[in-house]
Amino acid sequence: MNNYYCPYCNPKYQFQKKSTSGELICGLCGDPLVKKPLIKINQIIAIIASLSLVLPLIYTFIILIKNQINPPSRNYNASTNFIEKNSKTRFYQPLQSDLLKQESSSSI
């Protein structure tokens, strides 16, 4: 019985009656009662707004826990051995003056 209400009367003072035809009517004004919707539009908007704030947090925690259990297999940091091997050939080209200094120091 609480699923019906009168849209015109104050909800505090409403009471329901059955008409002679079996229809539910308001006891104060006599208008037919309207069925309450299960979910209202403002509830739908509130659910969407709260989910838009909460879902990124939940997603972040899931990814964090997943990375704690199974750490990523790739290491994106450069290996020190790779840098040492390739630094002489690729990144550092000695000047002629450096070569002359090395030759003079080795001959002494």
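Chemist: Before we move on, can you summarise the overall build of the protein chain with the specific residues and values?
Modeler: Along its length, the protein chain carries three helices and four strands. The secondary structure elements of the protein chain, listed N-terminal to C-terminal, are β-β-β-β-α-α-α. Scored against the burial criterion, the 108 residues of the protein chain give a buried share of 7%. Considering only contacts within the protein chain whose residues lie at least 6 apart along the sequence, 28% involve residues at least 24 apart. Counting only carbon and sulfur atoms, one obtains 61% of the accessible surface of the protein chain, whose full area is about 10200 Å².

Chemist: Can you lay out the confidence of the model for the protein chain for me, pointing to particular residues and giving the numbers?
Modeler: Confidence in the prediction of the protein chain, expressed as mean pLDDT, is 78, and 65% of residues score 70 or more. At the level of individual helices and strands, the protein chain shows its lowest average pLDDT in helix 2 (residues 80-91), which scores 56, and its highest in helix 1 (residues 41-69), which scores 93.

Chemist: How would you explain a nonpolar patch on the surface if you had to name every residue and give the values?
Modeler: The grouping of Ile47, Leu51, Leu53, Val54, Leu55, Ile58, Tyr59, Ile62 and Ile63 at the surface amounts to a nonpolar patch, some 850 Å² of accessible area in total. Tracing the chain through its elements places Ile47 in helix 1. Residue classification places Ile47 among the partly exposed positions, given a relative accessible area of 46%.

Chemist: Quick one: what's the story with helix 1, residue by residue and with numbers?
Modeler: Between its first and last C-alpha atoms helix 1 spans 41 Å; for 29 residues at 1.5 Å apiece the expected length is 42 Å, and the two agree. Roughly 30° is the biggest bend found in helix 1, and it falls at Ser52, with proline Pro56 one to four residues downstream.

Chemist: Can you break down the state of the cysteines residue by residue, with the values?
Modeler: When the sulfur atoms of two cysteines share a covalent bond, that bond is a disulfide. Enumeration according to the criterion identifies zero disulfides in this entry. Left without a disulfide partner, Cys9 is nearest to the cysteine sulfur of Cys29, which lies 3.5 Å away. Judged by relative accessible area, which is 17%, Cys9 ranks as buried.

Chemist: Outline the environment of Pro32, listing residues and values.
Modeler: Topologically, Pro32 is positioned in the loop between strand 3 (24-26) and strand 4 (34-35). Along the primary structure Pro32 and Tyr4 are separated by 28 residues, whereas in three dimensions their C-alpha atoms are 9.4 Å apart. Excluding its chain neighbours within four sequence positions, the residues that come into contact with Pro32 are Glu23, Leu24 and Ile25.

Scoring rules and cut-offs
Residues numbered from 1 in each chain as written. Predicted model: local features only at pLDDT ≥ 70, side-chain atom pairs only at ≥ 80, totals over all residues. Heavy atoms only, no water. Helix = DSSP H or I, 4+ residues; strand = E, 2+ residues; numbered from the N terminus. Buried < 20%, exposed > 50% of the residue type's maximum accessible area, 1.4 Å probe, protein only. Contact = heavy atoms within 4.5 Å. Areas by Shrake-Rupley, 256 points an atom, 1.4 Å probe, with all protein chains shown as cover. pLDDT = per-residue confidence, 0-100. Patch = residues over 30% accessible without salt bridge, like charges linked within 9 Å, V, L, I, M, F, W, Y side chains within 5 Å. Salt bridge = Lys/Arg side-chain N within 4 Å of Asp/Glu carboxyl O. Expected span 1.5 Å × (residues − 1). Bend = angle between axes of the 7 residues up to and from the residue. Disulfide = S-S within 2.5 Å.

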